[in-house]
Amino acid sequence: KRRALLIGAGEMGELILKYLSKYNICDITIANRSFHNAEKIAKEINRGINIIPLDDIPETVLKADIIISSISPTNYIIPYDMAKNALKRKNVNSPTFFIDIAVPRSIDPKIAKLDKMFLYNIDDLKSIADDNLKSRLKEVELAKRLIEMDTDDFYKWYKGLSVVPAIIKIQDRFNEIRTHELNKYRRRKLKHITEEDFKIIEDLTNQIMTKTLHNPITYLKSCLEQCNNKFDDEVDDILEKKKIIEDLFAYENGDE
């Protein structure tokens, strides 16, 4: 619901206009020497904007809540008397914010002494920017610590992932042995039994395999949990034990 007066339609003026539009300032007026430049940046922002000559600034100041100047004139574009006159004619409860980003300054610094008139210049903005930078740098250090902590946890988790394929590998190897031996005996020595009986034998061998592997697989799963809560050297020790168990239950294809 605020009204803004933007003085200057150069590169800085265009950037400011983008921000004013982004934050939905409802009424924006551009005062510029060249109407063409003002119309150009208004078209790029793609919204309706009032465009006035510099001579119409005194009347527009009366209506504006935010006044931003990026023009560097030989004299103040908004002198003290203009702001004082505007103060007399404006609603006493309506503050006006002046932002002077021109070098040299284009708004009389004495305006800051007037009631309900607030003036910020390049020095003020630099101070605010410096404070914001300090605040962000503090957050950077915090972010670094968080990243380091999470990176360490991730690394341990990642190293521990090698336990999962080990479990799958052991189960697959044992099941391969089981099915190989069953098929061999089915062809040579168990031809006389029915399919139903053979299915019972299959179930029995599967149960034997599951119970045989229960303890080593349970241990490997505990290794995965331990890896997430240990230091690097401890993780390496756990993974070495994992390797021993994996090798213990490994066998070469073709072994019978």
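You'll find the structure just up there.
These remarks concern the structure in this document.

What follows covers the sheet that holds strand E4 (residues 66–69). With parallel pairing, six strands are arranged side by side in an open sheet as E3-E2-E1-E4-E5-E6. Either end of the sheet is taken by a strand with one partner, and the two such strands are strand E3 (50–52) and strand E6 (117–121). Shown here is a sheet whose adjacent strand axes are inclined to one another by a mean of 15°, direction ignored.

Moving on, we get to the pattern of salt bridges. A full pass over the atoms with the stated rule returns nine salt bridges. Glu 44 is the salt-bridge partner of Lys 40, the closest N and O atoms lying 3.0 Å from each other. Of this pair, Lys 40 and Glu 44 both sit in helix H2 (residues 35–45), separated by four residues, roughly a single helical turn.

With their axes 10 Å apart at the nearest point, helix H1 (residues 11–22) and H2 run at an angle of 40° to one another. Classified by the interaxial angle, the pair formed by H1 and H2 is oblique. The way H1 lies across H2 gives a crossing that is right-handed. Contacts between H1 and H2 involve Gly 13, Glu 14, Leu 17, Lys 18 and Ser 21 from the former and Ile 41, Ala 42, Glu 44 and Ile 45 from the latter. When the residues that make up the contact of H1 with H2 are grouped by side-chain class, the tally is four nonpolar, two polar and three charged.

Here H1 is 12 residues long and its end C-alpha atoms lie 17 Å apart, about the 16 Å a rise of 1.5 Å per residue gives. Of all the positions in H1, only Gly 13, Glu 14, Ile 16, Leu 17, Leu 20 and Ser 21 are classed as buried. What you see down the axis of H1 is that its buried residues fit within an arc of 165°, all on one side. Among the exposed residues of H1, those pointing more than 90 degrees away from its buried face are Glu 11 and Lys 22. Taken together, the buried residues of H1 touch strand E1 (3–7), strand E2 (27–31), H2 and E4. Of the residues one or two after H1, Asn 24 is the one with positive phi, at around 60°.

Here Gly 8 is to be found in the loop between E1 and H1. When its relative accessible area of 2% is taken as the criterion, Gly 8 is described as buried. Residues Gly 8 and Asn 32, spaced 24 residues apart in sequence, show a C-alpha to C-alpha distance of 5.0 Å. Once residues within four sequence positions are removed from consideration, Gly 8 is found in contact with Gly 13, Ile 30, Ala 31, Asn 32, Ser 70 and Ile 71.

In this section: the side chain of Asn 121. Relative to the helices and strands, Asn 121 is located in strand E6. Classification of Asn 121 as buried rests on a relative accessible area of 10%. In this structure the side chain of Asn 121 is engaged in a polar contact, spanning 3.0 Å, whose partner is the backbone nitrogen of Asp 123. Apart from residues lying up to four places away in sequence, Asn 121 is in contact with Asp 100 and Arg 105.

So, about a nonpolar patch on the surface. A contiguous nonpolar patch, built from Phe 97, Val 103, Phe 118, Tyr 120, Ile 122, Leu 125 and Ile 128 and spanning about 570 Å² of accessible area, is present on the exposed surface. Counting only elements with at least two residues in the nonpolar patch, the list comes to E6 and helix H5 (122–160). For the nonpolar patch, the leading source of residues is H5, giving three residues. Locating Phe 118 in the fold gives a position in strand E6. Residue class for Phe 118 comes out partly exposed when judged on its relative accessible area of 37%.

Parameters and conventions
- Residues numbered from 1 in each chain as written.
- Predicted model: local features only at pLDDT ≥ 70, side-chain atom pairs only at ≥ 80, totals over all residues.
- Heavy atoms only, no water.
- Pairing = 2+ DSSP bridges.
- Helix = DSSP H or I, 4+ residues; strand = E, 2+ residues; numbered from the N terminus.
- Axes fitted to C-alpha atoms, helices over the stretch in contact; angles between N-to-C directions.
- Salt bridge = Lys/Arg side-chain N within 4 Å of Asp/Glu carboxyl O.
- Parallel < 35°, antiparallel > 145°, perpendicular 65-115°, else oblique.
- Left-handed = near helix turned anticlockwise from the far one by under 90°.
- Contact = heavy atoms within 4.5 Å.
- Nonpolar A, V, L, I, M, F, W, Y, C, P; charged D, E, K, R; others polar.
- Expected span 1.5 Å × (residues − 1).
- Buried < 20%, exposed > 50% of the residue type's maximum accessible area, 1.4 Å probe, protein only.
- Arc of directions from axis to C-beta.
- Polar contact = N/O pair within 3.5 Å; in protein donor to acceptor, adjacent residues only side chain to side chain.
- Patch = residues over 30% accessible without salt bridge, like charges linked within 9 Å, V, L, I, M, F, W, Y side chains within 5 Å.
- Areas by Shrake-Rupley, 256 points an atom, 1.4 Å probe, with all protein chains shown as cover.

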